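Chain by chain, the residues:
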Amino acid sequence: MDKIFNIVIGTAGHIDHGKSSLVRSLTGIDPDRLKEEKERGLTIDLGFAPLELPDGRLVGIIDVPGHERFIKNMVAGATSIDFVILVVAANDGVMPQTREHLEIMQILGIQKGMVALTKIDTVESDLVFMAQEEIKNVLKGTFLENAPIVGFSNTTGQGLDEFKRILFNEIQKITPSASTGVFRMPIQRIFSKHGYGTVITGIPVSGKIKIGEELEILPGEFIGRVKKIQAYGQEVEEAREGHSTALNVKDLDYKVIERGQVAACPGYFEPVTLLEAKFEYMPDARTTLEYLTPVRFHTGTLEEMGKIAILGKERMEPGETGYVQIRLDRPILAVAGDRFVLRLSSPMLMIGGGVIIGSCGHRLKRFRNNVEEQLQEREKSLVTPESKLEVEIRKHCLLKEGELLKLSQRSKEEFDVMMGNLIKEGSVLSLGGNPLRYIHTQVLEEMQVRFFNKIKEFFKQNPYKIYIKKAFLKNALSLENILMDEIVSRLVAQKFLGEKGENLFLPEREIALKEKEQRLLERIEKRFLQEPFIPPSWEELPQFLSASSKEIAPLFELLCEKESIIEIERGLFFHAKAIEEAKNRIIETIQKQGELVSADFRDQLKTTRKYIIPLLDYFDKIGLTVRKESSRVLKR
């Protein structure tokens, strides 16, 4: 059995209601002496104590002493806290700070807990009953509505065994953290210890890290390597999500690190100054919340100044929930799904909090069309890592495997499983390549529509053309070859497109010429067949046909695309029938005479050197003939 059970317990409640005494009763450690005791060891995590369960496993308790430190410490452990003990003294009952702490826990998304009714030895039994009833009323509609309320005395021990029994039973119902994702740990404290060097402490909120592995400190991009690890005072080989952890890191100067930074697996995370979020404005807030109100932003162990940009509405009233963008003064590291709390810049009153949805990287316009719908979709995607990854893929056109791995914030093994599931259900398509490329099927369908519409637009603007070049479409739509090939193959398979070499065409499309245009086209062909081996140049056609270049050009291009007219070298054109006749004569002449002499063939075709040399070179190029000294023979 694993010695450490990945469960973190947090305490909350009014000052002097017995939180520290409760921790001392459960663990044998006085939280007021934690700093003094822990400075003699490696782990320095203010307010943390290990609790041993009846089966010998350890869980951690976050003791939260006092109001000001409540926000910082509770937010610091919010992502990790699995179970909260709300402490209420029987002689005081529910106090304003009790209600405030309960609101904070709601905002932080904590879902499980119980109530410790302390100091029952100081009041009569009827007052204990009244305190219990008051607590039940306060907890209605909260996550603690049906939670156990257990009375006991830290002083006499009355009811303490029953409290422990119920606490241990509730803990067993919790599914421990699975240590998924890549390693990320908000830093709570940094110090240098003789014989060790730099030590950083905190609770990892995702993933795990082993001795010898690299980590980076963000913001700052400082890189170090883990030399030793302790969890709950014990030396271990790896730090995992939910463990109260101390990392001894080499190649890092503790003086450049500060609380609020994050230790993370290198290459996965980037600090940002803009965060989109779902925000709940506290019902008992005193005033209307205005656009760009200065705030103090708390997430992980961080506190940073910034402004709150309300989206989709002018302002927020107490009790309202909506989408916002937090605009911070300095870059921080936070990811979608992290919880946060906001306080006013001054006075430092808590006004609410919520969950981070993501970071789009630019300032959102207040009333931009569809902004709320887009944020709502991103919020829904936070339900599972796969849905979150799917939304990230849908935001982009085409992604390399390495780019997607970074966006997933998962280990390679977890990433492969997620991508396999998304591909299996048809949400994502792998286009192959090296490195592998992925695209969301919805994005691919949208790209197909854009691609096909571009083709239709081209033929609308060029009604005499039969083909559109792939290269033109690739450049016009900024497509990678691998995506271009996929779109073309799908449209060809669906018979929406035809393909001929590097050209594409619409199979059902017919070019309708006006009567005058049809007559001019026939005259062009007739002129090329009049003297088939002394063809007119492009420049001569207007004179021969008594028509303008503007009239002739589209029809001439049409004949070229139909391959009725063939350009054998730049600016020199023959009719296809002339080419075919020349080919047959070449074959016949060589078969009879064994070779073809250019001067003799010139006379045979009744042409000149100006035309015969390029014509024979053309047949060399297409592989019909090959030079042999001063003559030509058929290519074998």
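Since the model is a prediction, treat every value here as computed from it, not as a measurement.

A. Layout of the overall build of the chain. Of regular secondary structure, the chain possesses 19 helices and 34 strands. Computed over its C-alpha atoms, the radius of gyration of the chain comes to 38 Å, more than 25% above the 26 Å expected for a compact globule of 636 residues. With the C-alpha coordinates of the chain rotated into their principal frame, the extents come out at 125 × 55 × 40 Å. Across the 636 residues in the chain, those meeting the buried criterion constitute 49%. Sequence separation of at least 24 residues holds for 67% of the intrachain contacts in the chain that already meet a minimum separation of 6. Total accessible area on the chain is roughly 30,700 Å²; 47% of this is exposed by carbon and sulfur atoms. Treating the 90 positive side-chain charges of the chain as one cloud and the 93 negative ones as another, the clouds have centres 5 Å apart.

B. Molecular detail of the sheet that holds strand β19 (residues 293-299). Read around the barrel, six strands follow the order β17-β22-β20-β19-β23-β24 and close on themselves; strand pairing throughout is antiparallel. Neighbouring strand axes in the sheet, compared pairwise and without regard to direction, differ in orientation by 45° on average. Note: strand β17 (residues 272-281) against strand β22 (residues 321-332), eight bridges, orientation antiparallel. When the bridges of β22 are listed, L274 appears paired with R327.

C. Structural detail: the packing of helix α9 (residues 401-408) against helix α10 (residues 412-424). Running from N to C, α9 and α10 point in directions that differ by 105°, and their axes come no closer than 10 Å. Looking at the two axes, α9 sits roughly perpendicular to α10. Judged by residue contacts, E401, L404, L405 and S408 of α9 engage K412, F415, D416, M418 and M419 from α10. Class assignment of the residues belonging to the contact of α9 with α10 gives a composition of five nonpolar, one polar and three charged.

D. Expanded view of the pattern of salt bridges. Counted under the stated rule, the structure contains 37 salt bridges. In this structure, K465 engages E561 in a salt bridge whose closest nitrogen and oxygen atoms are separated by 3.7 Å. Of this pair, K465 sits in the loop between α11 (441-461) and β28 (468-469) while E561 sits in helix α16 (residues 549-561), and the two are 96 residues apart along the sequence. Judged by its relative accessible area of 16%, E561 is buried. By sharing partners, the salt bridges in this structure join D617, D620, R627 and R632 into a single network.

Definitions and limits used
- Residues numbered from 1 in each chain as written.
- Predicted model: local features only at pLDDT ≥ 70, side-chain atom pairs only at ≥ 80, totals over all residues.
- Heavy atoms only, no water.
- Helix = DSSP H or I, 4+ residues; strand = E, 2+ residues; numbered from the N terminus.
- Rg over C-alpha atoms; globule rule 2.2 N^0.38 Å.
- Buried < 20%, exposed > 50% of the residue type's maximum accessible area, 1.4 Å probe, protein only.
- Contact = heavy atoms within 4.5 Å.
- Areas by Shrake-Rupley, 256 points an atom, 1.4 Å probe, with all protein chains shown as cover.
- Lys, Arg positive; Asp, Glu negative; His and termini not counted.
- Charge placed at Lys NZ, Arg CZ, Asp CG, Glu CD.
- Pairing = 2+ DSSP bridges.
- Axes fitted to C-alpha atoms, helices over the stretch in contact; angles between N-to-C directions.
- Parallel < 35°, antiparallel > 145°, perpendicular 65-115°, else oblique.
- Nonpolar A, V, L, I, M, F, W, Y, C, P; charged D, E, K, R; others polar.
- Salt bridge = Lys/Arg side-chain N within 4 Å of Asp/Glu carboxyl O.

The values reported here are purely geometric and, on their own, carry no functional implication.
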